[in-house]
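Residues per chain, in single letters:
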Amino acid sequence: MTTAIDRRRFLTRLAKLGLITLGTAGIPGLTPGRARGQAPPRPTLAVTEGTDPAALVRETLGKLGGIGKFVRSGDRVVVKPNIGWDRTPEEAANTNPVVVAEICRLARAAGAESVRVFDRTCNDARRCYERSGIRAAVEALDDRSIRIEHVREEQFEVVDIRGAKSLDRWPLYRPALDANVLINVPIVKHHGLSEVTIAMKNLMGIMGGNRGRIHQGIDENLVDLNSAVRSHLTVVDATRILLRNGPQGGGTQGVKIANRLAATTDVVAADAWGAREFGVDPMKIGYIRKAHEQGLGIADLGQAVVL
Amino acid sequence: MKPPAPRRWVQGVLLAGFFALFLHTAYKGFDLLDWPVHLVFRLDPLAFLAEVAATGAAAFAGAWLAAGLLLLFTAILGRFFCGWACPLGTALDLGGAGLRRIFRSALRGRRPPRSLSVALLFGLAAATLLGLPLLGVFDPLSLLLRSLTVFVHPMFDAAAKGLLGGISRSGFPGFADGLYDVLGPVLAFGSPSFDLAGLTALVFAGILALELSAPRFWCTSLCPLGALLGLAGRLSPLRRAKSARCGECTRCAARCPTGAADSDPADSAACIQCDECRRSCPRGARRPELAAPGLSAPGSPTRRAVLTSAAGGALLALVPRVRAEERERGWDVLRPPGARPEDEFRSRCIRCGACMRVCPRGALHPALLETGLGGMWTPRLVPRLGYCEYHCRLCGQVCPTGAIGYLEEGQKEKTVIGVAFFEAGRCLPYRKAQNCMVCEEHCPTSPKAIAFRDELRLDPEGKERLVKVPRVVESLCIGCGICENKCPLPGKGAIIVGREIPGSLSSFY
């Protein structure tokens, strides 16, 4: 027998349910994976050179023992490229779409349950996804478990970052925090403020809110962000490097075809390598030096095992 | 229950088509739009009239052929557009029927004065001719489209996303994701919000509420397009007169939504050809018949009424001359890229809001009085709310009148709508000797229109600091406003786009 429920009772129940939901909400916290000051392990860095970006991805990850070393069967993987700008691949403002798609394909082949690709863009997200070529490249894989999606405002969640020196509370993107494996796939670019932008700064794409606010004291803020949210694997796209008018460029005059790619689990080493490819001393870049000094990773590539 | 009249089917299909065009008018991955919603204005003789008032003989172009044909067919068949096609009319039929059922409103009260719409038509036409272009504010298609854009769709979107968020947080994120995919085509991208959303909603709600007083109140008593079509409809040789079979039961008059059937033959200036009189007549006594056009049908505007309305409109056109606020336009009023020079822009814009609908960054917002009395509901670019996307050129494609011109690829990127300047009193590098550079980062031109130099400056404690100090390179700035939009300071930005266009005097006169 079914119990009749009248409108009044239904509404009362609904209200109670709402109150319970509200009551359980609180501000979650993130604790850095490793305490600052503790010596980080020597990083291993795989570097390759060639004109076929997909082959570069396979070769580079192969040197590290294959993507299967990072992605296990059933993992939820997030691939975070730079899709920040309404620019074409030739303009080198966004990650090479071929590189992004190949990483997604390999992650799935290694048994990932799902692969999600997104970025909180600077220009209109639809235009960025479209003109970067990344939407088309990922959708061409034709795999329902590999999804390129736009970030949804309501999935940003204010998070306490424990032990942070500056960025102690910020809305971060829940699906990125929930991933078993976060693969950071930046491109090497010029930047007016920080001189060069690569992996640590690419992680700003999981930040909500008024991100311009972290530009004041950007070095410390980037270290805080990357301490709290670890890139399990960083693949640095230097197939093209944007040398001028960064980080969004425009036209191809400032673009250098470098045909190189590197991968490492150390986001600081990734940035150090990218800075060197760009043509600057990583220890002269504020946030890279700070990350090195605070033990987030190793920027001195002399200490790294380069494969 | 009787099956719905064929008219209901036609209305339903056309309204659905209007919604479909509306939803389709957005960035979908292509720089060129195929079926933009402004196509409906090709049918709109009132928009054509506004364009004639604005541009004279130049308005007689092929693009308006359909509007001319609609007038012609109205002169033969009567106001069938209002009864069968007008999406606002359909929306009012739907909303009105619902409201009347819920509030059990007794309808058999007095009919509203029909002459009001004629007064509005002639008054607004006169004002428009004399330089106060307000016809578009009262155009029913404009009114509906801008209402959809500015508050209906944003509110629907907010409700849907609120619900989906709730489902997701209650422990069913997978289900919510699935719903998101299903609802995708009818949701907005992002969370649109607009200036004047409240006022626009109030106007629409007012028109809807009038349905409680009489069905199709707006259409019979206020709509200037209805009045225009009514003037043409009077020429129609078709008359809905009572035949000898009529038993004087008044059922037709009771069913008539506009009061046209109160008279015999029905008043063809008010009759919207809904056919309810024929369908309701138990004896088949009221059907359209051929008759000689009667120009002095009941309810026709008198010459005196027309002249008085026009005189009223002329007086209205004088109001901006005596409003001190109109002596100078606001320095921060920016127009969309490709907009015609201000005077021409205002007179050609019919306030439909299509540009606001299509703008991917939500940069275009209706003005109230910032651009003068004659600029109500015209679009202005408000950088703090949304900036002009560098490579986007959609607004010029959806403007039904050419108030915003079409821009080619490459031409858009060079179109200057204003120039940015720093407010050094607030800007962080100036005020605190603190690095920021968010504006420089986002500047889309190549080379960037925001340059900087390392300078030693004193911070507020008097300590000397090396800081990157930005400046605007005016010869490169196009006024897109992304700098003002992204400026991280709370409230007002420390870099602001002004209406001044360097190297051009057109922004000053």
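Everything numeric here is computed off the predicted structure, so don't read it as measured data. (Residues numbered from 1 in each chain as written. Chains lettered and ligands numbered in written order. Predicted model: local features only at pLDDT ≥ 70, side-chain atom pairs only at ≥ 80, totals over all residues. Heavy atoms only, no water.)

A. Structural view of the overall build of chain A. Helix and strand counts for chain A stand at 10 helices and 13 strands. Computed over the C-alpha atoms, the radius of gyration of chain A is 20 Å, within 12% of the 19 Å expected from 2.2 N^0.38 for a compact globule of 307 residues. Projected onto its principal axes, the C-alpha positions of chain A cover 75 × 45 × 35 Å. Across the 307 residues that make up chain A, the buried fraction comes to 57%. Considering only residue pairs separated by 6 or more positions, chain A has 73% of its internal contacts joining residues 24 or more positions apart. About 12,600 Å² of surface is accessible on chain A, with carbon and sulfur atoms providing 50% of the total. (Helix = DSSP H or I, 4+ residues; strand = E, 2+ residues; numbered from the N terminus. Rg over C-alpha atoms; globule rule 2.2 N^0.38 Å. Buried < 20%, exposed > 50% of the residue type's maximum accessible area, 1.4 Å probe, protein only. Contact = heavy atoms within 4.5 Å. Areas by Shrake-Rupley, 256 points an atom, 1.4 Å probe, with all protein chains shown as cover.)

B. Fine view of the overall build of chain B. Regarding its fold elements, chain B presents 20 helices and eight strands. Along the first, second and third principal axes, the C-alpha set of chain B runs to 100 × 60 × 40 Å. Pairs at least 24 residues apart make up 75% of the contacts formed inside chain B by residues separated by at least 6 positions. As displayed, chain B has an accessible area near 22,800 Å², and 64% of this comes from carbon and sulfur atoms.

C. Focus on the side chain of Arg152 of chain A. Within the secondary structure layout, Arg152 of chain A lies in the loop between β5 (146-148) and β6 (156-161). Non-local contacts of Arg152 of chain A, meaning those with residues more than four positions away in its chain, are made with Tyr173 of chain A together with Asp177 and Tyr180 of chain B.

D. Here's a closer look at the side chain of Arg240 of chain B. Mapping Arg240 of chain B onto the fold places it in strand β1 (residues 238-242). A polar contact of 3.2 Å, which involves the side chain of Arg240 of chain B, links it to the side chain of Gln273 of chain B. (Polar contact = N/O pair within 3.5 Å; in protein donor to acceptor, adjacent residues only side chain to side chain.)

E. Up close: the interface of chain A and chain B. Every contact between the two is made by 30 residues of chain A and, on the other side, 35 residues of chain B. The junction of chain A with chain B conceals about 3,000 Å² of combined surface from both sides, 47% of it contributed by carbon and sulfur atoms. Taking the shortest distance from any N to any O, the salt bridge between Arg361 of chain B and Asp124 of chain A comes out at 2.9 Å. At the boundary of chain A with chain B, the tally comes to 27 residue pairs in polar contact (both at pLDDT 80 or more). Among the elements that take part in the side of chain A that touches chain B, helix α4 (residues 125-131) of chain A stands out by supplying five residues, more than any other. Classifying every residue of the side of chain A that touches chain B by side-chain character gives five nonpolar, 13 polar and 12 charged. (Buried area = accessible area lost by both parts, 1.4 Å probe. Salt bridge = Lys/Arg side-chain N within 4 Å of Asp/Glu carboxyl O. Nonpolar A, V, L, I, M, F, W, Y, C, P; charged D, E, K, R; others polar.)

F. Broad picture of helix α6 (residues 115-129) of chain B. Residue and element names in this part refer to chain B. Between its first and last C-alpha, α6 extends 21 Å over 15 residues, near the 21 Å set by a 1.5 Å rise per residue. Taken as a whole, α6 has its buried residues at Ser117, Val118, Leu120, Leu121, Gly123, Leu124, Ala125, Ala126, Ala127 and Thr128. Backbone geometry just downstream of α6 places Gly131 in the positive-phi region, at approximately 100 degrees. (Expected span 1.5 Å × (residues − 1).)

G. Structural context of the sheet that holds β6 of chain A. All names here are of chain A. Pairing within the open sheet is mixed, and its three strands lie in the order β1-β6-β7. Of all the strands in the sheet, just β1 (29-30) and β7 (169-173) have a single pairing partner and so form its edges. Strand direction decides the pairing type here: β6 and β7, joined by five bridges, are antiparallel. Looking across to β7, one finds that Glu157 is bridged to Leu172. (Pairing = 2+ DSSP bridges.)

H. Local environment of the environment of Ala241 of chain B. Residue and element names in this part refer to chain B. Tracing the sequence through the fold places Ala241 in strand β1. Judged by its relative accessible area of 15%, Ala241 falls in the buried class. Sequence separation between Ala241 and Gly184 is 57 residues, and the spatial gap between their C-alpha atoms is 50 Å. In this structure, Ala241 is in contact with Asp264, Pro265, Ala285, Arg286, Arg287 and Glu289, ignoring residues within four places of it in sequence.

I. Representation of the packing of aromatic side chains. Residue and element names in this part refer to chain A. Under the defined criterion, the tally for this structure stands at seven aromatic pairs over all chains. A ring pair is formed by Phe118 and Tyr173, whose centres lie 4.9 Å apart and whose planes are at 70 degrees; its orientation type is edge-to-face. On the criterion of sequence distance, the pair formed by Phe118 in the loop between β4 (114-117) and α4 and Tyr173 in strand β7 is long-range, its members being 55 residues apart. Tyr173 matches Phe118 in its accessibility class, with the two residues each being buried. (Phe/Tyr/Trp six-rings, centres within 6.5 Å; stacked < 30°, edge-to-face > 60°.)

J. Region of the structure containing the nonpolar core. The biggest cluster of nonpolar side chains holds 111 residues, and the ones touching the most others in it are Phe41, Leu88, Leu145, Trp218, Phe422 and Ile495 of chain B. Per element, the largest residue contribution to this core is seven residues, and it comes from helix α7 (residues 140-169) of chain B. Composition of this core by domain shows at least three residues from each of domain 1 (9-25 + 34-242 + 254-290) and domain 2 (341-499) of chain B. Ile214, Val268, Ala270 and Leu301 of chain A belong to the second largest nonpolar core, which has 88 residues in total. (Core = buried A, V, L, I, M, F, W, Y, C linked by side-chain atoms within 4.5 Å. Domains from an automatic or database assignment.)

K. Examining the pattern of salt bridges more closely. Enumeration over the complete set of coordinates arrives at 45 salt bridges over all chains. Two residues, Arg174 of chain A and Glu157 of chain A, come together in a salt bridge whose shortest N-O distance is 2.6 Å. Note that Arg174 of chain A is positioned in helix α6 (residues 174-178) and Glu157 of chain A in strand β6, a separation of 17 residues in sequence. Its salt-bridge partner being Asp275 of chain B, residue Arg278 of chain B comes within 2.9 Å of it at the nearest N-O pair. By relative accessible area, which is 30% here, Arg278 of chain B ends up partly exposed. A network of salt bridges, in which partner residues are shared, links Asp86, Arg127 and Arg131 of chain A together with Asp31 of chain B.

L. Quick peek at the domain arrangement of chain B. All names here are of chain B. Structurally, chain B comprises domain 1 (9-25 + 34-242 + 254-290) and domain 2 (341-499). Between the C-alpha centres of domain 1 and domain 2 the distance comes to 35 Å. In this assembly, 32 residues from domain 1 lie in contact with 27 residues from domain 2. Summed over both sides, the interface of domain 1 with domain 2 buries roughly 2,500 Å², with 67% coming from carbon and sulfur. Three residues, Pro133, Asp195 and Leu196, lead the burial of domain 1 against domain 2; their summed loss comes to 20% of the area buried on that side. Scanning the region where domain 1 abuts domain 2 turns up one salt bridge. A salt bridge links Arg348 to Glu51; the nearest nitrogen and oxygen atoms lie 2.8 Å apart. Counting the contacts that link domain 1 with domain 2 gives 13 residue pairs in polar contact (both at pLDDT 80 or more).

M. How the structure looks around helix α10 (residues 286-293) of chain A. All names here are of chain A. When α10 is considered as a whole, its buried residues turn out to be Tyr287, Ile288, Ala291 and His292. Projected down its long axis, α10 shows its buried positions confined to an angular sector of 135 degrees, all on one face. Residues of α10 that are buried in the fold lie against β10 (195-197), α7 (199-202), α8 (218-228) and α9 (267-278). Two residues or fewer past α10, Gly295 is found with a positive phi of approximately 80 degrees. (Arc of directions from axis to C-beta.)

N. How the structure looks around the confidence of the model for chain B. With 95% of its residues at a pLDDT of at least 70, chain B reaches an overall mean of 91. Prediction confidence for the complex, expressed as pTM and ipTM, is 0.92 and 0.91 respectively. (pLDDT = per-residue confidence, 0-100.)

O. Examining the pairing of strand β2 (residues 44-49) of chain A more closely. All names here are of chain A. Both β2 and strand β13 (residues 305-306) contribute to a ladder of two bridges, which runs parallel. The partner of Thr44 across the bridge, within β13, is Val305. Strand direction decides the pairing type here: β2 and strand β12 (residues 255-264), joined by five bridges, are antiparallel. Looking across to β12, one finds that Thr48 is bridged to Leu261.

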